[in-house]
Amino acid sequence: MPAVSKGDGMRGLAVFISDIRNCKSKEAEIKRINKELANIRSKFKGDKALDGYSKKKYVCKLLFIFLLGHDIDFGHMEAVNLLSSNKYTEKQIGYLFISVLVNSNSDLIRLINNGIKNDLASRNPTYMNLALHCIANVGSREMAEAFAADIPRILVAGDTMDSVKQSAALCLLRLNRTSPDLVPMGDWTARVVHLLNDQHLGVVTAATSLITTLAQKSPDDFKTSVALAVARLSRIVTSASIDLQDYTYYFVAAPWLSVKLLRLLQCYPPPEDAALRGRLTECLETVLNKAQEPPKSKKVQHSNAKNAVLFEAIALIIHHDSEPTLLVRACNQLGQFLQHRETNLRYLALESMCTLASSEFSHEAVKTHIETVINALKTERDVSVRQRAVDLLYAMCDRSNAKQIVAEMLSYLETADYSIREEIVLKVAILAEKYAVDYTWYVDTILNLIRIAGDHVSEEVWYRVIQIVINRDDVQGYAAKTVFEALQAPACHENLVKVGGYILGEFGNLIAGDSRSSPLVQFNLLHSKFHLCSVPSRALLLSAYIKFINLFPEVKVTIQEVLRSDSQIRNADVELQQRAVEYLRLSCIASTDILATVLEEMPPFPERESSILAKLKRKKGPSKLPDIDDARRNVNGSTEHSSNTESTSKVSSQPSTDLLGLSPAPSVGVSPAPSAGASLLVDVFSDSPTPASVDVSEDNFSRFVCKNNGVLYENQLLQIGLKSEYRQNLGRIYVFYGNKTSTQFLSFSSSVASEETLKTHLNIHAKPVDPIVDGGAQVQQILNIECVSDFTAAPVLNIQFRYGGTLQNVAVKLPVMLNKFFQPTEMRSQDFFQRWKQLGAPQQEVQKIFKAQHPMDTEVTKAKIIGFGAALLDGVDPNPANFVGAGVIHTKVTQVGCLLRVEPNTQAQMYRLTLRTSRDTVSQRLCDLLSQQF
């Protein structure tokens with residue numbers, strides 16, 4: 001046995017730990033632990049009162065046994081008794097045991113609170129620190145109710161020692177995050193601001209974190225902090241590293257405090273006082289100047305600290321958006337990082353420049369780096385950096401460089417990663433439309449786009465092409481000619497066939513005078529693609545054929561033979577069969593005049609914001625700056641692209657009718673009439689207002705089980721998008737509210753409501769949102785979430801605003817599920833099945849056998865398991881067709897290990913899903929969520 005360290009005299013504890021380490025098997029370990037538990041239990045129950053040392057030793061043993069993964073159901077009272085000890089080591093062990101093992105529902109919580117109160121009142125800094133650390137570690141609502149009023153008094157008391165002030169500030173910050181409604185705002189708020197002037201930089205650092213969080217909730221109460229923050233920041237950036245020796249990190253003076261002060265200043269607009277504003281400008285210039293100085297150390301820690309301060313200073317410059325000189329200097333500094341050897345710096349530089357491109361002061365400066373960005377797009381090895389380069393090209397685009405940028409994006413699209421192709425397609429389509437001076441260039445660009453990335457061209461893209469061609473008489477003939485030539489390629493993507501069918505059906509007559517594109521040649525060209533298309537595309541082509549009968553009577557007989565063929569009138573698909581029968585009958589019985597009336601040219605669409613831009617907003621969300629709400633930014637940090645693509649006129653309440661039959665309704669294919677059925681083009685282009693509803697919408701809820709970003713809700717007025725991020729038991733959701741109309745939303749407000757049972761399991765703090773949302777604009781709201789314990793229900797997001805004098809109410813189920821707090825865990829095969837056997841109790845396992853709701857694709861299944869939050873373990877299951885995963889659900893009160901196994905049966909189109917966790921409620925909830933995804 002190795003020598004036992006005497007330490008503080010707990011020899012028995014050291015011997016016990018040594019015995020556990022020397023156990024040869026799990027059974028031997030359990031036997032030794034049970035023996036020790038029996039000994040401790042007998043000592044606690046014995047008649048002889050134990051001294052403090054013995055209590056401390058036995059409580060330490062219980063704590064060690066608990067950390068090994070065994071349940072402890074006694075010893076809590078002895079730990080509470082240690083709080084009243086006058087010895088530091090005994091009191092420390094008591095607090096440690098309580099912080100780890102006692103939950104907020106414990107019967108001992110009142111005794112614990114009394115012990116903490118006594119220590120807080122003792123004025124002994126050591127005991128006060130122990131008590132404050134315990135409050136912060138437990139952080140329960142009961143703790144907040146008991147001490148939220150006392151801690152601010154300790155924080156601002158004149159005789160409180162520096163170390164206690166630090167602990168008090170961080171403890172109050174913790175309680176504000178867990179129970180913000182219980183932290184009272186009072187006289188102390190004005191006094192806590194003055195901690196920014198404290199001589200102890202540790203106190204200043206802790207106070208800055210607290211003030212930043214409180215300022216986001218109540219900015220008016222802490223606006224005096226701006227002047228003090230600027231003064232403190234000025235002293236730091238102008239000091240030499242030797243002046244702040246204790247807080248200098250690799251020759252950078254107090255980098256953490258500098259970053260926190262800069263973030264605090266981002267909670268407020270630029271100072272109105274000229275002297276204060278000048279001092280802040282001087283600080284920012286100093287930071288930019290220091291970035292140009294040669295490094296004082298070659299170590300990466302030095303550059304990391306220096307760049308952290310620099311990027312936070314640039315974020316503040318961007319937030320203020322008021323100093324042209326600083327904005328241009330920031331842009332130039334970021335431009336130097338674009339070719340830096342460090343990948344992270346290149347990424348951050350591109351991301352920050354995307355936001356700079358939205359400022360009128362720095363847009364031209366950003367454009368000077370276009371060649372560097374294009375080069376990064378072509379040569380960068382990291383896909384995330386390439387994606388930021390695409391974002392920056394999109395943000396810096398204007399009429400002067402649109403053709404160059406679009407050409408470069410199209411060139412890159414051919415070799416781009418599949419994960420970002422759809423996003424590039426949307427951006428190319430938006431830029432081509434927005435900056436098209438010559439619409440023949442626009443048509444060429446979009447057709448080229450479909451040719452290069454056909455599978456990634458969404459419905460919205462080719463819908464928008466059709467809308468623009470129909471609305472512009474000057475481009476219709478060129479579009480018909482170009483699409484006719486494109487269709488002559490041996491292999492055409494189906495989206496190109498759809499565009500060709502639609503445009504030739506409407507405007508084929510404009511090119512029919514040329515013998516090379518005669519009516520019969522046009523029909524034969526389209527019909528040669530018919531057998532290669534899907535059912536919706538065939539339906540569209542049939543509608544194009546009936547249009548041809550109206551435009552070109554000479555091909556009527558040929559088309560009627562096609563419609564009369566068995567492959568059409570006896571088609572297995574009822575939609576195609578119905579169209580063939582009805583179009584054939586229409587062509588036989590209708591006179592020429594009636595046919596011309598029924599099949600007249602598509603009327604112009606009402607002008608409104610591009611549906612492609614709406615899709616990109618849903619896909620991307622606005623640029624992200626942590627903790628800062630900046631309503632002026634849109635999809636990628638550019639205000640320019642948030643405006644309507646074309647001048648927006650008053651939207652007609654009459655829906656546009658789809659003349660080429662994109663809808664299954666049989667009435668499609670006729671001119672606009674009140675009885676026209678709903679169609680895909682109506683869905684995309686119509687902005688007809690719908691009545692407000694107070695029913696809770698759950699339409700897209702299940703889609704977010706395995707993903708964190710996307711569109712949660714959308715109607716004719718409002719679009720709600722989400723971007724979420726989770727770490728352990730904490731989460732943050734960025735909610736984007738988009739006004740799809742040209743009219744302001746007034747009295748805009750949003751709140752999160754939870755059932756009473758959910759409130760004890762999930763803490764949600766919603767930051768306020770701007771009460772006015774301009775037409776075509778987008779605002780952002782941040783929701784901070786903490787998972788206290790496992791839960792089943794979901795909160796509801798309630799939105800209320802006035803539109804056109806009418807009060808609108810929207811309620812949407814917020815996709816906060818238990819699996820969002822899943823942290824993946826990698827395991828070897830042996831470890832996995834060993835843990836699987838340990839979780840073999842009946843109440844720990846939930847199994848479900850169910851029918852597959854979607855095609856059984858291996859890659860899709862893997863992606864869903866990873867998206868669900870578990871680590872996908874390859875080569876673990878003996879059957880290679882099965883999927884296994886592992887992870888840990890993090891809550892505030894506990895951590896729950898989770899193992900899952902998915903066994904597909906492709907022949908029966910069935911799945912068997914098995915979940916094993918240490919809590920039965922967690923197993924059941926995770927099984928219910930995951931089984932809905934297959």
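Not measured: the values here are computed from a predicted model.

Q: Describe helix α13 (residues 225-237), naming the residues involved and giving the relevant values.
A: An α-helical segment advances 3.6 residues per turn. Residues three or four places apart therefore align on the same side. Over its 13 residues, α13 runs 18 Å from end to end, which matches the ideal 18 Å to within 8%, given 1.5 Å per residue. Within α13, burial applies to S225, V226, L228, A229, V230, A231, R232, L233, S234, I236 and V237.

Q: An account of the packing of helix α22 (residues 402-413) against helix α24 (residues 439-452) is requested, with residue identities and associated values reported.
A: Relative to each other, α22 and α24 sit at 15°, their axes nearing to 10 Å. Considering the angle they form, α22 stands roughly parallel to α24. The interaxial crossing formed by α22 with α24 has left-handed handedness. For the pair formed by α22 and α24, the contact residues are K403, V406, L410 and L413 on the first element and W441, T445, N448, L449 and I452 on the second. Taken together, the residues of the contact of α22 with α24 sort by class into six nonpolar, two polar and one charged.

Q: Describe in detail the packing of helix α15 (residues 274-292) against helix α17 (residues 324-337), supporting the description with residues and values.
A: Contact geometry of α15 with α17 gives a least axis separation of 11 Å together with a crossing angle of 20°. Judged by the angle between their axes, α15 and α17 are roughly parallel. With respect to the hand of their crossing, α15 and α17 are arranged in left-handed fashion. Counting all contacts with α15, which are made through T281, L284, E285, L288, N289, A291 and Q292, the residues of α17 involved are L326, R329, A330, Q333 and Q336.

Q: Residues and numbers for the pairing of strand β16 (residues 895-905), please.
A: It is a general feature of regular strands that their side chains alternate between the two faces of the sheet. For β16, the tally of buried residues reaches eight of eleven residues, placing the bulk of the element in the interior. Here eight bridges tie strand β15 (residues 883-890) to β16, and the two strands are oriented antiparallel to one another. Within β16, the residue paired with H890 across the bridge is Q895. Connecting β15 to the antiparallel partner β16 that follows it, the hairpin turn spans four residues.

Q: Describe in detail the sheet that holds strand β5 (residues 718-727), supporting the description with residues and values.
A: If you trace the five strands from one edge of the open sheet to the other, you get β4-β5-β6-β9-β8, paired in antiparallel fashion. Taken across any chain shown, the strands that pair with only one partner, and hence form the sheet edges, are β4 (709-714) and β8 (762-766). On average, each strand axis in the sheet is tilted by 25° relative to the strand beside it, whichever way the strands run. Relative to strand β9 (residues 778-787), β8 runs antiparallel, the two being bridged by five bridges. Note on β9: the bridge partner recorded for L762 is C787.

Q: Account for the environment of F74, with residues named and values stated.
A: Following the sequence through the fold, F74 ends up in the loop between α3 (52-67) and α4 (76-82). In this structure the C-alpha to C-alpha distance between F74 and I40, which are 34 residues apart in sequence, comes to 9.6 Å. Contacts of F74, omitting those with residues within four sequence positions, involve L37, I40, R41, F44, L62 and F97.

Q: Lay out the side chain of E312 with the relevant residues and their values.
A: Mapping E312 onto the fold places it in helix α16 (residues 300-320). Excluding residues that lie within four positions of it along the chain, E312 makes contacts with V259, L262, R263 and Q266.

Q: Report on a nonpolar patch on the surface, specifying residues and quantitative values.
A: Taken together, the side chains of L67, L96 and V100 define a hydrophobic patch exposed on the protein surface, amounting to about 270 Å² of accessible area. Here V100 lies in helix α5 (residues 88-101). Given the relative accessible area of 35%, V100 is considered partly exposed.

Q: Would you mind going over the sheet that holds strand β3 (residues 696-697) in detail, with residue names and values included?
A: Strand order in the open sheet formed by four strands is β3-β11-β10-β7, with mixed pairing between adjacent strands. Pairing within the sheet leaves two strands with one partner each, and these edge strands are β3 and β7 (746-753). Across two bridges, β3 lies against strand β11 (residues 806-813) in parallel orientation. Note on β11: the bridge partner recorded for S697 is V812.

Q: Pulling in residues and values, what's your account of the packing of aromatic side chains?
A: Considering all chains together, one arrives at 23 aromatic pairs under this definition. Look at F822 and F868: their rings are 6.0 Å apart centre to centre, the planes differ by 70°, and that puts the pair in the edge-to-face class. One end of the pair, F822, is in strand β12 (residues 822-824); the other, F868, is in helix α38 (residues 858-868), and 46 residues separate them in sequence. Each member of the pair F822 and F868 is classed as buried.

Q: Can you tell me about the state of the cysteines, naming the residues and giving the values?
A: Summed over the entire model, instances satisfying the criterion amount to zero disulfides. Of the cysteine sulfurs around C134, a residue in no disulfide, the closest is that of C171, at 9.2 Å.

Q: Describe in detail the side chain of E903, supporting the description with residues and values.
A: With respect to the secondary-structure elements, E903 resides in strand β16. Of the residues examined, E903 reaches a relative accessible area of 17% and is grouped as buried. Those residues in contact with E903, other than ones at most four positions away along the chain, are N882, M910, Y911, R912 and T914.

Q: Just give me the short version of the pairing of β11, but keep the residues and values in it.
A: Across eight bridges, the pairing between strand β10 (residues 796-803) and β11 is antiparallel. Bridge pairing in β11 places V796 opposite K813.

Q: If you had to explain the pattern of salt bridges to someone new, which residues and values would you point to?
A: A full pass over the atoms with the stated rule returns 35 salt bridges. Two residues, R123 and D159, come together in a salt bridge whose shortest N-O distance is 3.1 Å. Taken as a pair, R123 in the loop between α6 (109-121) and α7 (125-138) and D159 in the loop between α9 (150-156) and α10 (162-178) lie far apart in primary sequence, 36 residues in all. Residue classification places D159 among the exposed positions, given a relative accessible area of 57%. Between D391 and R388 there is a salt bridge, with its nearest N and O atoms 2.7 Å apart. Here the residue D391 and the residue R388 both occupy positions in helix α21 (residues 383-396), the gap between them amounting to three residues, near one helical turn. Of the residues examined, R388 reaches a relative accessible area of 9% and is grouped as buried. Through salt bridges with shared partners, a single network forms among D19, R32, E36 and K61.

Q: Run through the environment of D473, naming residues and quoting values.
A: For D473, the location among the structural elements is in helix α26 (residues 473-486). In this structure, the C-alpha to C-alpha distance between D473 and P604, residues 131 residues apart in sequence, is 10.0 Å.

Q: Describe the confidence of the model for the chain, listing the residues and the values that go with them.
A: For the chain, the mean per-residue pLDDT works out to 82, and 88% of the residues sit at or above 70. The secondary structure element of the chain with the lowest average pLDDT is helix α35 (residues 680-685), at 31, and the one with the highest is helix α14 (residues 255-265), at 92. In this model, residues 1-7 is a region of pLDDT below 50 whose contacts with residues beyond four sequence positions or in other chains number nine contacts. Note that pLDDT drops below 50 for residues 622-693; the model gives that stretch 204 contacts with residues more than four away or on any other chain.

Q: An account of unusual backbone geometry is requested, with residue identities and associated values reported.
A: A positive phi angle, close to 65°, is found at R123, a residue other than glycine. Taking the relative accessible area as the measure of exposure, R123 reaches 40% and is therefore partly exposed. Not every positive phi belongs to a glycine, and Q909 is a case in point at roughly 55°. With respect to the helices and strands, the residue Q909 is situated in the loop between β16 and β17 (910-917).

Q: Residues and numbers for helix α18 (residues 343-356), please.
A: Helix length check: α18 (14 residues) gives 20 Å between terminal C-alpha atoms against 20 Å at 1.5 Å per residue, within 8%. Every buried residue of α18 is listed here: L345, R346, A349, L350, S352, M353, C354, T355 and L356. At its buried positions, α18 is contacted by α16, α17, α19 (363-367), α20 (370-379) and α21.

Thresholds, definitions, all that
Residues numbered from 1 in each chain as written. Predicted model: local features only at pLDDT ≥ 70, side-chain atom pairs only at ≥ 80, totals over all residues. Heavy atoms only, no water. Helix = DSSP H or I, 4+ residues; strand = E, 2+ residues; numbered from the N terminus. Expected span 1.5 Å × (residues − 1). Buried < 20%, exposed > 50% of the residue type's maximum accessible area, 1.4 Å probe, protein only. Axes fitted to C-alpha atoms, helices over the stretch in contact; angles between N-to-C directions. Parallel < 35°, antiparallel > 145°, perpendicular 65-115°, else oblique. Left-handed = near helix turned anticlockwise from the far one by under 90°. Contact = heavy atoms within 4.5 Å. Nonpolar A, V, L, I, M, F, W, Y, C, P; charged D, E, K, R; others polar. Pairing = 2+ DSSP bridges. Patch = residues over 30% accessible without salt bridge, like charges linked within 9 Å, V, L, I, M, F, W, Y side chains within 5 Å. Areas by Shrake-Rupley, 256 points an atom, 1.4 Å probe, with all protein chains shown as cover. Salt bridge = Lys/Arg side-chain N within 4 Å of Asp/Glu carboxyl O. Phe/Tyr/Trp six-rings, centres within 6.5 Å; stacked < 30°, edge-to-face > 60°. Disulfide = S-S within 2.5 Å. pLDDT = per-residue confidence, 0-100.

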